[in-house]
Amino acid sequence: MSLTSRPVPVLRHLAAEFYAHCRSGELRFQRCTRCGAWRHVPRQTCAKCGSWDWEWKRSSGRGRVFTWTVVRRPMHPAFANDAPYAPVVIEMEEGVRIVSQVVDCPPDELRKGMSVEVTFDAVMPEVTLPKFRRASGEGRSA
Amino acid sequence: MPSLRGQACIVGIGHTEYRRAKAPEGTNLTLELRAAEAAIGDAGLRPHEIDGILPFFGLDNAEEFAVHFGIADLRFQMTSHLGGAAPGASIATAAMAVTNELASHVLIPGGWWGYAGRRVREVVVQDVSAMSGGANARDYYFPYGLTAPVQWFSMLARLHMNVFGTKPEQLGAVAVACRAHAQKNPNALMRGKPISLDDYLASPMISDPYRLLDCSLEADGAAAFVVTTTERARDLPGKAVPIVGFGQGQPFPADDIVTRVDPFELGVTHATSRAFEMAEITHADVDFAEIYDPFTFQVIQQLEEMGFCKRGEGGPFVEGGRIEMGGELPVNTHGGLLSEAHVLGMNHFVEAVQQLRGEAGERQVPDAKIGIVTGFGDFGDGSVVVLGRAS
């Protein structure tokens, strides 16, 4: 991998499963089948009840902007031409939070609590990233 | 079980010059050996009298120090994996080791060519496993361009601004206080370069809301300490600073910063009461605080989480000179990672010991009796050490 290629997840074990669902166009998070707790990032056991039993449960795909940063000086060369760009934390309806980007929103229009819905970005043949766009009804300008 | 309060002391400190060299002059070990040699000498010991070594995670291992110092019978070694909270955690481990006679004199070294050598921007590309979060960051942060500490910690600063109304000027107050303190510190990289709040606000945005002057200084340098029992310290020539309390803690989950139920929780949220209870002190007893300061907001956050003010009130707390010399709680009297140098928080202990020995010169906190040092590592691991006046 060259130094300027985009960093991609290592598709191994639970990360492989999470991203395989994304590749199929479905955002799924782990949900404990014993106590019902949702979790992300993927884990082998439930931190709430200790169970090893879980399922990949489909998310509604809806969430709200929790927080973000606007990168003006990228630290990774692969993003050198992207600035300014905004990594965003989304709080999903299921309660879990996920790092992503809101693709149709300039950084200065991001607002805490903004409603977003999932979309998918096939960045490589093997890797599809979940990203977000403004939910219908969410204003286009602040 | 007897309390560990005051059972062990820091009897030696040492450090190299802190600088920004054009190229590394030797290895990290070169710097660390220089600092260690100085600390051992400061303690009035000879290198082979060290029988415990607590090296810094990811740097040099104990064997390398033992080989160079001719320590043929190293009795005890251990490494904390708490990143920037490791110096404090290692002080605690050293205190436990000497109190339990697992070792007599324990060396804690740490330092790097953090500027002339491999800088953070290189680490994020070459060796993501060396970054906080490891696989989680690699698989779930990096693909979105969230690749460096300045980015993820600025997200917390923004959240605090959105929830509590914290202002850029309040982050700036931390930068200005640290810079003011550095003006009286001969080893500070930013001595001779004072800043105003306007300078802070005019500095370039790196990862909004973090500007350049919100960020600590990548630097070349090392520091080291020697810990022994309070009983043995009486037979040594130097001034011994008693370790009167310590604690460590982690937020949950520790390996993922964004999914915490309580997003502002830190290791020090839990470590502080542990340390203060052992030390039998309250917040009002603290004469100065050396707070691990990778970025400005993390000072505000730690002040809140340690209970020096309520959560949400850290912004106003750092204003009006309260954390400056002569204020209610002088913070980072040496300039901190922000204006002295980023020497892994090792330099915070050097400063605290100098203060409690009454040897801080122009920047001496008058009549300092109790000082605290925090550590902040990886995604918010924490350590708190309470130190008392030297005797």
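Asks: Run through the overall build of chain B, naming residues and quoting values.
Replies: Assigned secondary structure in chain B consists of 14 helices and eleven strands. Since a compact globule built from 391 residues should have a radius of gyration of about 21 Å, the 19 Å found for chain B is in line with a globular shape. Principal-axis analysis of the C-alpha atoms places the extent of chain B at approximately 55 × 45 × 45 Å. Taken across its 391 residues, chain B has 60% of its residues classed as buried.

Asks: Explain the overall build of chain A residue by residue, including any values.
Replies: For chain A, the count of helices and strands is one helix and nine strands. Beginning at the N terminus, the succession of helices and strands in chain A can be written as α-β-β-β-β-β-β-β-β-β. In terms of overall size, chain A behaves like a compact globule, its C-alpha atoms giving a radius of gyration of 16 Å where 142 residues would be expected to give roughly 14 Å. Along the longest, intermediate and shortest principal axes, the C-alpha atoms of chain A span 45 × 40 × 25 Å. Relative to its 142 residues, chain A shows a buried fraction of 35%. Long-range contacts, defined as pairs at least 24 residues apart, comprise 50% of the intrachain contacts of chain A with a sequence gap of at least 6.

Asks: Before we move on, can you summarise the interface of chain B and chain A with the specific residues and values?
Replies: On the side of chain A, 31 residues touch chain B, which itself brings 30 residues to the contact. Of all elements in the fold, only α4 (120-126), α5 (135-141), α6 (149-164) and β5 (205-208) of chain B reach the threshold of two or more residues within the side of chain B that touches chain A. Considering each element in turn, the side of chain B that touches chain A owes the most residues, seven residues, to α6(B). Of the residues contributing to the side of chain B that touches chain A, the split by class is 16 nonpolar, eight polar and six charged. Across two bridges, the pairing between strand β5 (residues 70-71) of chain A and β5(B) is antiparallel. Bridging from a neighbouring strand, A:Val71 pairs with B:Ser207 of β5(B).

Asks: Please give an account of helix α2 (residues 62-69) of chain B that cites residues and values.
Replies: Residues and elements named next belong to chain B. Every buried residue belonging to α2 is among Phe 65, Ala 66 and Phe 69, and all of these are buried. Looking straight down α2, one finds that the buried residues subtend no more than 100° of arc, so they occupy a single side. Against the buried residues of α2 lie α1 (28-42), β2 (52-53) and β4 (106-113). Trailing α2 by a residue or two, Gly 70 shows a phi angle of about 70°, which is positive.

Asks: Tell me what's going on with α1(B), and back it up with residues and numbers.
Replies: Residues and elements named next belong to chain B. Taking 1.5 Å per residue as the helical rise, α1 with its 15 residues ought to reach 21 Å, and the 21 Å between its terminal C-alpha atoms agrees with that figure. On the buried face of α1, the contacting elements are β1 (8-15), α2, β4 and β7 (220-229). Where α1 ends, the next residue or the one after it, Gly 44, has phi of about 80°, a positive value.

Asks: Residue-level account of the pairing of β1(B), with values.
Replies: Residue and element names in this part refer to chain B. Within β1, eight of the eight residues are buried, which leaves the element mostly enclosed by the surrounding structure. Pairing of β1 with β7, which is carried by seven bridges, proceeds in the antiparallel orientation. Across the sheet, residue Ile 13 finds its bridge partner in β7, namely Phe 225.

Asks: Describe the sheet that holds strand β3 (residues 54-58) of chain A, and please don't skip the residues or the numbers.
Replies: All names here are of chain A. Spatially, β2-β1-β3 is the arrangement adopted by the three strands of the open sheet, whose pairing is antiparallel. Looking at the sheet topology across the chains shown, the edges are occupied by β2 (38-39) and β3. Pairing of strand β1 (residues 28-32) with β3, which is carried by five bridges, proceeds in the antiparallel orientation. From the neighbouring strand, Cys 32 faces β3, where its bridge partner is Trp 54.

Asks: Give a description of the packing of α6(B) against helix α11 (residues 296-306) of chain B that names residues and reports values.
Replies: Residue and element names in this part refer to chain B. At a closest axis distance of 9 Å, the pairing of α6 and α11 adopts a crossing angle of 60°. When the axis of α6 is compared with that of α11, the two are oblique. The two elements α6 and α11 cross, and the hand of that crossing is left-handed. The segment α6 lies against α11, with Phe 153, Leu 156, Ala 157 and His 160 engaging Phe 297, Gln 298 and Gln 301. Split by residue class, the contact of α6 with α11 holds four nonpolar, three polar and no charged.

Asks: Residue-level account of the sheet that holds strand β9 (residues 128-134) of chain A, with values.
Replies: Ordered by their spatial adjacency, five strands build an open sheet running β7-β6-β4-β8-β9 (chain A), and the pairing between neighbours is antiparallel. Single-partner strands in this sheet number two, and they are β7 (97-100) and β9 of chain A. Averaged over all neighbouring strand pairs, the angle between strand axes comes to 50°, with direction disregarded. Summarising the sheet, strand β6 (residues 88-92) of chain A and β7(A) pair through four bridges and their orientation is antiparallel. Directly across from A:Val88, in β7(A), lies its bridge partner A:Ser100. In the packing of helix α1 (residues 13-23) of chain A onto the sheet, the strands contacted are β8 (115-122) and β9 of chain A, and the crossing angle to β9(A) comes to about 55°. The strands that α6(B) touches are β4 (62-68) and β6 of chain A; relative to β4(A), the one it contacts most, it runs at about 100°.

Asks: An account of the environment of A:Val127 is requested, with residue identities and associated values reported.
Replies: Residues and elements named next belong to chain A. By the secondary structure assignment, Val 127 is in the loop between β8 and β9. Taking the number of C-beta atoms within 10 Å as the measure of exposure, Val 127 has 16 and is therefore partly exposed. Here the alpha-carbon distance between Val 127 and Cys 22, two residues 105 residues apart in the chain, equals 8.3 Å. If we skip the residues at most four places from it in the chain, Val 127 touches Val 8, Pro 9 and Tyr 19.

Asks: Give me the lowdown on the environment of B:Gly111, citing residues and values where you can.
Replies: In this structure, B:Gly111 sits in strand β4. When neighbours within four sequence positions are excluded, B:Gly111 is seen to be in contact with B:Thr16, B:Asn28, B:Leu31, B:Glu32, B:Ala35, B:Gly221, B:Ala222, B:Ala223, B:Val343 and B:Met346.

Rules used in this analysis
- Residues numbered from 1 in each chain as written.
- Chains lettered and ligands numbered in written order.
- Predicted model: local features only at pLDDT ≥ 70, side-chain atom pairs only at ≥ 80, totals over all residues.
- Helix = DSSP H or I, 4+ residues; strand = E, 2+ residues; numbered from the N terminus.
- Rg over C-alpha atoms; globule rule 2.2 N^0.38 Å.
- Buried ≥ 20, exposed ≤ 12 C-beta atoms within 10 Å, placed from the backbone.
- Contact = placed C-beta atoms within 7 Å.
- Nonpolar A, V, L, I, M, F, W, Y, C, P; charged D, E, K, R; others polar.
- Pairing = 2+ DSSP bridges.
- Arc of directions from axis to C-beta.
- Expected span 1.5 Å × (residues − 1).
- Axes fitted to C-alpha atoms, helices over the stretch in contact; angles between N-to-C directions.
- Parallel < 35°, antiparallel > 145°, perpendicular 65-115°, else oblique.
- Left-handed = near helix turned anticlockwise from the far one by under 90°.

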